[in-house]
Amino acid sequence: SADPATLNGLGGADVLLFFIESYGRVVFSQPHYRQALESSINKLARTLARHDFEAVSSYLLSPTYGGASWLAHATLEFGVRVENTLEETALLRSSLQPMAALFRRNGYRTISVMPGTRFAFPQGAAFGYGQAYYAWHFGYKGRTFGWAPMPDQFVLDWVRRREFTTPAQPIFARYVLISSHASFRIQPPYIKDWETIGDGSLYTVHEPVTYPIEWPDLSNAGDAYLRSLDYVFETLGNYLAQYVARDTLIIVLGDHQPNLQLTGPGEPWSVPVHVISRNARLLTPFRERGYTAGLFPEHPLPHAGMETFLPGFLQDFK
């Protein structure tokens, strides 16, 4: 375009974008989920506060429900609502600049982290990252956990060792986390001492957390679903607390609501979005857009589409 977006408003801060698999509004809108998850979210809030982070939250309307996460990734990163594979194919062949390309042009090292991608992913190139990590890059030596080839905690640790120990330029990293992927039957334990994670061999020794779920029947998977989110929040909170020292803007959002058997009919397609930083200035634009303080989104329906995030972000940080 004639007016290339600058990101000067970020002041060179790192930006970490975390997609949490199957993290939907249902965990806040349905009382039995909300009560169960409240302690996890409050624990995350305490961890963040102890380490001088602030958070603001809202909802975005996902283009997909119960699956097809890639439609959410494309919608968020290109700023165009993508509702099916045909639209996605057209978008990826277009000349539209995705999020990572804009960061790259503004002096950022751009990193795509997709540990759940086990097969060649040529369309990944359209997303504009300078560096992409897929399942086969991690050298993981532990057990798999259902659909997830490796646990989120291992992934965060591996990328940190490789990319964040002596970064030469600001980093934009997008993580597609996978430990909360259906069927929730077998889940990783949280490892307290990150220094012991290494190549993941310890996951063959530590007992996994298991639930009596027979995929594809998720009618009894509510507790397992909540535990998977609890694991992700504990992992993320402790990762940010221990390892994110530089000026950083952290964006955490769901890709879509979980499976219909977990939500029941009639739920909107909304997902929570949390923006976290130690630098209050970086949160100001989100507050001005109506994000509420803390980790419990309060925004009433209807919610803005996920495709509105990028245009707003570019406007706020130019």
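Right above here is the structure, for reference.
Calculation rules
- Residues numbered from 1 in each chain as written.
- Predicted model: local features only at pLDDT ≥ 70, side-chain atom pairs only at ≥ 80, totals over all residues.
- Heavy atoms only, no water.
- Helix = DSSP H or I, 4+ residues; strand = E, 2+ residues; numbered from the N terminus.
- Pairing = 2+ DSSP bridges.
- Buried < 20%, exposed > 50% of the residue type's maximum accessible area, 1.4 Å probe, protein only.

Enquirer: When you look at unusual backbone geometry in this model, what are you seeing that I'm missing?
Expert: Peptide bonds are, in most cases, trans, and in most cases residues other than glycine have a negative phi. With omega at 15 degrees, the peptide bond leading from alanine 182 into serine 183 counts as cis. Along the chain, serine 183 falls in the loop between β5 (171-177) and β6 (186-187). Note that the residue after leucine 301, namely proline 302, is joined by a cis bond; omega there is -5 degrees. The residue proline 302 is located in the loop between β10 (292-293) and α10 (309-316) in this model. Notably, aspartate 52 is not glycine yet its phi reads approximately 65 degrees, a positive angle.

Enquirer: What is the right way to read the sheet that holds β5 from this model?
Expert: Whether parallel or antiparallel, the strands of a sheet pair through hydrogen bonds between backbone atoms. Reading across the sheet, the 8 strands line up as β4-β3-β5-β1-β8-β9-β2-β10 and stay open at both edges, with mixed pairing between neighbours. Lying at the two open borders of the sheet, with one neighbouring strand each, are β4 (131-134) and β10. The pairing of strand β2 (residues 54-61) with strand β9 (residues 270-277) spans 8 bridges and is antiparallel. If you follow tyrosine 59 over to β9, its bridge partner there is proline 272.

Enquirer: How should the pairing of strand β8 (residues 248-254) be read in this particular structure?
Expert: The side chains of a regular strand alternate, residue by residue, between the two faces of the sheet. Counting buried positions along β8 gives 7 out of 7 residues, so the element sits mostly inside the fold. Here β8 shows no split at all, with Thr248, Ile250, Val252 and Gly254 on one side and Leu249, Ile251 and Leu253 on the other all buried.

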